[in-house]
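Structural description and commentary
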Amino acid sequence: MPLSAHAAGEPELHVLIDVSGSMKKTDPENLREPALRLLGDLVPEESRVRLDLFGNRITSVLPASEATPETKRAMRQAAAHVRSDEPFTDIPAALDAANGDWGEKTTRNVILLSDGKVDISPDEAVNDRATTRLQEEVIPALIDADVQVHTVALSEAADQAILTEIAERTGGLALSARSNEDLQRVFLALFEATAPRTGVPLVENRFRVDDSISELTLVVFRADDADPTRIQIPDGGEIDFETAGALADWRWDDSAGRDLITVRNPPAGSWRILAAEDPDNRALVITDLKLAMPGLPSRVFPGEAVDGSLVLTNRGEPIVEPRLTNDIEAQVTAHDPQDAVIETLELNDIGADPDVMGGDSRYDFRLRLDGDTGIYTLEGRASGPTFERVIRKKIALARLLPFEARVVRPHLAARDGDAAEATHEPAAQLIIEQDVALLDPRASRLVARIECATGEPTGIEAPLDGASNRVELPSTEASDCRVVGEITGTTEDGREVSLPLDESIPAPVSPASEPANAPAEEASDNEAPRNDSDDNPLMAALLGLGGLALLALLGFTWRALARRRRGQLIEAARN
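Residues numbered from 1 in each chain as written. Predicted model: local features only at pLDDT ≥ 70, side-chain atom pairs only at ≥ 80, totals over all residues. Heavy atoms only, no water.

1. Some points on the sheet that holds strand 1 (residues 11-18)
In a beta sheet, neighbouring strands pair by backbone hydrogen bonds and run either parallel or antiparallel. Taken in spatial order, the six strands make up an open sheet running 3-2-1-4-5-6, and their pairing is mixed. The open sheet terminates on both sides in strands that have one partner only, identified here as strand 3 (58-66) and strand 6 (174-176). Between one strand axis and the next, the sheet turns through 15° on average, direction left out of account. With six bridges connecting them, strand 2 (residues 48-54) and strand 3 associate as antiparallel partners. (Pairing = 2+ DSSP bridges. Helix = DSSP H or I, 4+ residues; strand = E, 2+ residues; numbered from the N terminus. Axes fitted to C-alpha atoms, helices over the stretch in contact; angles between N-to-C directions.)

Rendered as structure tokens:
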């Protein structure tokens, strides 16, 4: 199973926060600050993070560093530096600055949060040139560096088109936040798209903590009029915001419509969140027993084959011993943008379908997302006699496939031509037009088969090395046929893709069965329709002379008009 080009290693996040003056209106309560604290608490310790503020200049707040407890604390504190006081919004310069200082063998991500557009001068011509540079130089440089950019538009005034282009061309997510609550949920989605972290399953706000968990982080969303959140611990006691302040191992942030609760050394046993259930509530853990879902892209095309794996490790080593793996149950579930379950696959590591190789610690799967455009969630779960683990990955489903396909038959030979040629049935042709801005034509290939109602399938393969491609299909006498298969290729950002193809083949039509260019009413008794002039030579002659006279009159009129027009042009030239 091919892995994404972005599956190089541990995640790295470079965060760009817009601090232009317009943010005073877009984010008057400065909710960028708690959103950054949320991200700072959630990033896994094995990742790298960097934080820059930008307007008309770039301010480095946190250099690229490993997400140690000290770095995460510094990121939470750095959120206090977010402001709204710069006159312009230089998105190209911000992306240029973020595209550097990367760690070795990391999965590179930029998070760009802005409420505006490319705005570096009062002169619109200057802004247009900057936008062109962004499209023609900055984005290609990000692609060459294997960087995914995830954009967040914070207002209706934001240039949605350019922010979406940045995200789509680099393989990232394009999100928008229209309210305070939206921004917190968007940052949670970005975290799960770029640096997902091991958690434990929440069932009706209940979950279990095992002895291997050294830290627990809870994300609890609440309505404005909801009662304060409380947490029930295994001994039956309850902790709230007030009591947590007196506990050394508890940290509780209750801002921006959500509770962010971190507990060091949580006691093992059954826990419960005493608040309303919410699909975005999370229980994330730091533990030696981790579940990962590596190598998945952040954006896929409709129907694209998504190959992935769940990997369970203990202290960094894969779990492969049969005495342990025999008791492990694993599955992956796909949720649509409304959080409805669309598919669940039971997984194994014994080489049975869909597993590729048994005993390699990878619980392989293949699925396809095909439905409404939006953000989908893949949820992986693994459980054993003493533990439960869960991990989530956000994936954006693109609006369209990067190609269009149709099957045609060339026009039949002329009816009045050679009889042998007229009865020849031309082969059907598959026309594939691909978007070479999204797919590299040097790598595109058709792998398909002809399937008919009767007979055996016929295989067909062909390179697709242009924007427009014609593939002649094998002739068949059968009816009700389709060309079914895949188009494989490589995206602009270097990701290998396998895209579905399923097109019907028009049934062959012989010349004898085609309608003739004749009057609508067919002649009876197998006779061709007749005109009255056929049996009257005088009438035919008169009609012929009338036609010639009409042609002469038209010719005379045309020449007169031409002479008049030339005269007008000459007169105009003299004046």
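So that's the structure; there's more coming.
2. A closer look at empty space enclosed by the protein
Under the criterion given, the structure shown has two cavities of 30 Å³ or more. The space that makes up the largest cavity amounts to roughly 40 Å³. The wall of the largest cavity is formed by Phe191, Glu192, Arg197, Gly199, Leu284, Val390, Ile391 and Arg392. Looking at the lining of the largest cavity, the elements that each hand over two or more residues are helix 7 (180-194) and strand 23 (387-397). Of the residues forming the lining of the largest cavity, the biggest block, three residues, is contributed by strand 23. The residue makeup of the lining of the largest cavity, split by class, is four nonpolar, one polar and three charged. (1 Å grid on protein atoms, 1.4 Å probe; cavity = no way out; pocket = protein on both sides within 12 Å on 5 of 7 lines; lining within 4 Å. Points joined across faces, edges and corners; volume = space filled by probe spheres on them. Nonpolar A, V, L, I, M, F, W, Y, C, P; charged D, E, K, R; others polar.)

3. Side note on the packing of aromatic side chains
Taken as a whole and judged by the stated rule, the model has two aromatic pairs. Judged by centre distance (6.0 Å) and plane angle (25°), the ring pair of Phe207 and Trp271 falls under stacked. Separated by 64 residues along the polypeptide, Phe207 in strand 7 (residues 206-209) and Trp271 in strand 13 (residues 269-274) bring together distant segments of the chain. Trp271 gets classed as buried once you look at its relative accessible area, which sits at 2%. Three or more aromatic residues joined by ring pairs form one cluster here, namely Phe207, Trp250 and Trp271. It is Arg185 that lies over the ring of Phe221; its NZ or CZ is 4.2 Å from the centre. (Phe/Tyr/Trp six-rings, centres within 6.5 Å; stacked < 30°, edge-to-face > 60°. Buried < 20%, exposed > 50% of the residue type's maximum accessible area, 1.4 Å probe, protein only. Lys NZ or Arg CZ within 6 Å of the ring centre and 35° of its normal.)

4. A closer look at unusual backbone geometry
With an omega of 10°, the peptide bond between Asp353 and Pro354 qualifies as cis. A positive phi angle, near 55°, is found at Asn30, a position not held by glycine. Residue placement: Asn30 occurs in the loop between helix 1 (23-26) and helix 2 (32-42). The buried category is assigned to Asn30, whose relative accessible area is 18%. For Asp339, which is not glycine, the phi torsion reads 75° and is therefore positive.

5. Quick notes on the pattern of salt bridges
Across all of its chains, the model carries 37 salt bridges by this definition. A salt bridge links Glu46 to Lys290, with the shortest nitrogen-to-oxygen separation between them at 3.7 Å. With a gap of 244 residues between them, Glu46 in the loop between helix 2 and strand 2 and Lys290 in strand 15 (residues 289-292) connect regions that are remote in the sequence. With a relative accessible area of 36%, Glu46 lands in the partly exposed category. Of the charged contacts, one joins Arg57 and Glu86 as a salt bridge, the two residues approaching to 3.3 Å between their closest N and O atoms. (Salt bridge = Lys/Arg side-chain N within 4 Å of Asp/Glu carboxyl O.)

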